[in-house]
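# Architecture at a glance
The residues making up each chain are set out below.
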Amino acid sequence: QVRGQGLIDAMETISQENERMTSPLFGLIDIQSFAVGGYSMGGGAAQAAAMLDNSIKAIISLNPTFFVYDIENCEGPEYYCLIPEHLDHPVPALILPGEIELDELEGYDGFLGQTIYEYIPETTEKILFEIAGQGHGAAGSPYGEVAEYILNWLNYQFFNDNSSCESLLESPSSASQYLTTIGCTTFPS
């Protein structure tokens, strides 16, 4: 949760630069359109940020790891777990885990991208792009097809680009599993 709040704070800092007269960004930022993302626990932090601020336009979770300290719903003594209620948000989410992450991170069963995708509501636009044969570092430095899907995701979410949306409906050749709830429609110009 703290990392998610850090992303919200960063959005606020950037918004203030839009209003600061001496800022090189003065008046140039669309403060109504923010995406958040991160790698590993940062990818989980993006999910936490969405729970804190539903105005975020899009999430990109690269090999996300996410768990919540919750003394009411998690079993002790640590009280960390992940349940659907921890991911009940409407913010569109692109989730990019590696196919064999669980083999590398045995203690993280139930806290990785595949579970995150499952727990985000079906009514939320979301994509799971599981990278075939790869582990926890698969999306740490996006390139190739992964980078292409990230750019299409942002074009679709920020600019209502229908051709980008249609590209997202095609299963990537580097995916071992590809799931989505998005549905493309024609947007007015």
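Note that this is a predicted model, so its numbers are computed, not measured.

## A few points about the overall build of the protein chain
- Of the regular secondary structure elements, the protein chain holds six helices and seven strands.
- Moving toward the C terminus, one meets the helices and strands of the protein chain in the order α-β-α-β-β-β-β-α-α-β-α-α-β.
- Here the protein chain has a C-alpha radius of gyration of 17 Å; the compact-globule value for 189 residues is 16 Å, and the two agree.
- Dimensions of the protein chain along its principal axes, counting C-alpha atoms only, are 50 × 40 × 30 Å.
- Taking all 189 residues of the protein chain together, the buried fraction comes to 44%.
- Relative to all contacts within the protein chain whose residues are 6 or more apart in sequence, the contacts with residues 24 or more apart total 64%.
- On the protein chain, roughly 9,800 Å² of surface is accessible, and the fraction owed to carbon and sulfur atoms is 51%.
- Averaging the coordinates of the 4 positive side-chain charges in the protein chain and doing the same for the 27 negative ones gives two points 11 Å apart.

## A few points about the sheet that holds strand β6 (residues 126-131)
- If you walk across this open sheet you meet the five strands as β1-β2-β5-β6-β7, and the pairing is mixed. Edge positions in the sheet fall to β1 (35-39) and β7 (175-180), since each has one partner strand and no second. Here the average twist between neighbouring strands, direction ignored, is 5°.
- Relative to strand β5 (residues 93-96), strand β2 (residues 58-62) runs parallel, the two sharing four bridges. Looking across to β5, one finds that Ser 61 is bridged to Ile 95.
- In the packing of helix α2 (residues 41-52) onto the sheet, contacts are made with β1, β2 and β5, and the angle to β1 comes to roughly 150°.

Cut-offs used in this document
Residues numbered from 1 in each chain as written. Predicted model: local features only at pLDDT ≥ 70, side-chain atom pairs only at ≥ 80, totals over all residues. Heavy atoms only, no water. Helix = DSSP H or I, 4+ residues; strand = E, 2+ residues; numbered from the N terminus. Rg over C-alpha atoms; globule rule 2.2 N^0.38 Å. Buried < 20%, exposed > 50% of the residue type's maximum accessible area, 1.4 Å probe, protein only. Contact = heavy atoms within 4.5 Å. Areas by Shrake-Rupley, 256 points an atom, 1.4 Å probe, with all protein chains shown as cover. Lys, Arg positive; Asp, Glu negative; His and termini not counted. Charge placed at Lys NZ, Arg CZ, Asp CG, Glu CD. Pairing = 2+ DSSP bridges. Axes fitted to C-alpha atoms, helices over the stretch in contact; angles between N-to-C directions.

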